[in-house]
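Residue-level listing of the chains:
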Amino acid sequence: MTDPTGGAVLGADGLRRCGWGDSTDDYRVYHDTEWGRPVHGDDALFERVCLEAFQSGLSWLTILRRREGFRAAFAGFRIAEVAEFGEADKERLLADAGIIRNRAKIEAAIANARVARDLAGGLDALIWQFAAEPGRPAPRTMGEVPAVTPESTALAKALKKAGFRFVGPTTAYALMQACGLVDDHLADCHVRTGAKG
């Protein structure tokens, strides 16, 4: 049951979660096992950059439910392989019902792979320099969770300067949340507290 204040909700399994994290089975698993946990490695972060870009204008649930399709279509998000995609790959992707068939986003993913491949120091180092300072107070309600922060604005600028596309400040903040650069699990959420109930 959703708490009208936007605080953590008590799930049928007796665990308190961020409200969105208890709304569907797909979200429950993603919330409990992945969202907000540190993600490292250039290919792993490239996947997240791509998925956040494909999510723009859509619900995250739409992307989450097609994630395996995206992985199959984009060679497991291995940067070196995606960077070599050509016109035939673009046409293949545009015909693939297992992903979001948006030409601009598909072309951005391929272009972003080329940027990531050639990035001095790597994607992991570029992204993680914008991690939020530890000790930030835990949000108590979803209303306290920002959509954009100075760090996400700076990360978006750095990514754009490097040549990445579809990486505005809001997308950059969603990336930061998903990859553990910031912990936006609510104060009473079992993932944050490690506690039940």
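Residues numbered from 1 in each chain as written. Predicted model: local features only at pLDDT ≥ 70, side-chain atom pairs only at ≥ 80, totals over all residues. Heavy atoms only, no water.

Per an unreviewed UniProt entry, the recorded name for the chain is DNA-3-methyladenine glycosylase I, and the organism is Kitasatospora xanthocidica.

1. Some remarks on the nonpolar core
Of all hydrophobic cores here, the largest spans 53 residues; its most connected members are Phe70, Phe74, Leu123, Ile127 and Phe164. If we skip the residues at most four places from it in the chain, Ile127 touches Leu45, Val49, Leu155, Leu159, Leu175 and Leu181. If you look at the next biggest cluster of nonpolar residues, it comprises five residues, including Ala8, Cys18, Val145 and Leu186. (Core = buried A, V, L, I, M, F, W, Y, C linked by side-chain atoms within 4.5 Å. Buried < 20%, exposed > 50% of the residue type's maximum accessible area, 1.4 Å probe, protein only. Contact = heavy atoms within 4.5 Å.)

2. Focus on the UniProt feature "binding site: Zn(2+)" (unreviewed entry) in the chain
Here, the residues flagged by UniProt with the feature "binding site: Zn(2+)" (unreviewed entry) are Cys18, His31, His185 and Cys189. In terms of the greatest pairwise C-alpha distance, the residues named above, spread along 172 residues, form a tight cluster of at most 10.2 Å across. By the secondary structure assignment, His185 is in the loop between helix 10 (169-178) and helix 11 (190-193). The exposure class assigned to Cys189 is buried, which follows from its relative accessible area of 0%. Leave out the neighbours within four places in its chain, and Cys189 touches Ala8, Arg16, Arg17, Cys18 and His31. (UniProt positions renumbered as here; feature names shortened; annotations may be inferred. Helix = DSSP H or I, 4+ residues; strand = E, 2+ residues; numbered from the N terminus.)

3. Some thoughts on the side chain of His190
Locating His190 in the fold gives a position in helix 11. Within the structure, His190 has its side chain in polar contact with the side chain of Asp32 (distance 3.1 Å). (Polar contact = N/O pair within 3.5 Å; in protein donor to acceptor, adjacent residues only side chain to side chain.)

4. Quick look at the environment of Asp89
Inspection of the secondary structure assignment puts Asp89 in helix 6 (residues 87-94). As a C-alpha pair, Asp89 and Gly121 span 32 residues in sequence and 28 Å in three-dimensional space.

5. Some thoughts on the packing of aromatic side chains
To describe a pair of aromatic rings, you give the distance between the ring centres and the angle between the ring planes. This model, assessed by the stated rule, comprises 10 aromatic pairs. Through pairs of rings, three or more aromatic residues link up here, namely Phe46, Phe54, Phe70, Phe74, Phe77 and Phe85. The ring of Phe85 is capped by Arg92, whose NZ or CZ atom sits 5.2 Å from the centre of that ring. (Phe/Tyr/Trp six-rings, centres within 6.5 Å; stacked < 30°, edge-to-face > 60°. Lys NZ or Arg CZ within 6 Å of the ring centre and 35° of its normal.)

6. Thoughts on the packing of helix 2 (residues 42-55) against helix 7 (residues 103-118)
Between helix 2 and helix 7, whose axes approach to 10 Å, the crossing angle comes to 160°. Considering their axes alone, helix 2 and helix 7 lie roughly antiparallel with respect to each other. Our pair here, helix 2 against helix 7, has a crossing hand that is right-handed. Note on element contacts: helix 7 touches helix 2 through Lys105, Ile106, Ala109, Asn112 and Ala113, opposite Phe46, Val49, Cys50, Ala53, Phe54 and Gln55. (Axes fitted to C-alpha atoms, helices over the stretch in contact; angles between N-to-C directions. Parallel < 35°, antiparallel > 145°, perpendicular 65-115°, else oblique. Left-handed = near helix turned anticlockwise from the far one by under 90°.)

7. Looking at unusual backbone geometry
Phi is positive for Phe77, close to 60°, though the residue is something other than glycine. As for its placement among the helices and strands, Phe77 is situated in the loop between helix 4 (67-73) and helix 5 (79-82). Exposure remark for Phe77: the relative accessible area of 0% places this residue in the buried category. Even without being glycine, Phe166 reaches a positive phi, approximately 60°.

8. Considerations on the packing of helix 6 against helix 7
One can describe the packing of helix 6 onto helix 7 by two numbers: an axis separation of 10 Å at closest approach and a directional angle of 135°. As summarised for this structure, helix 6 and helix 7 are arranged oblique, according to the angle between their axes. Handedness of the crossing formed by helix 6 with helix 7: right-handed. Here Lys90, Glu91, Leu93 and Leu94 of helix 6 lie close against helix 7, whose contacting residues are Arg103, Ile106, Glu107 and Ile110. In the contact of helix 6 with helix 7, the residues fall into four nonpolar, no polar and four charged. (Nonpolar A, V, L, I, M, F, W, Y, C, P; charged D, E, K, R; others polar.)

9. Points about helix 2
Taking 1.5 Å of rise per residue, 14 residues should cover 20 Å, and helix 2 covers 20 Å from first to last C-alpha, within 8% of that figure. Burial of helix 2 is extensive: 11 of the 14 residues sit out of reach of the surface. Those residues of helix 2 lying buried are Leu45, Phe46, Glu47, Arg48, Val49, Cys50, Leu51, Glu52, Ala53, Phe54 and Gln55. In this structure, the buried side of helix 2 is in contact with helix 3 (60-65), helix 4, helix 5, helix 7, helix 8 (123-128) and helix 10. Following helix 2 by one or two positions, Gly57 adopts a phi angle in the positive range, close to 85°. (Expected span 1.5 Å × (residues − 1).)

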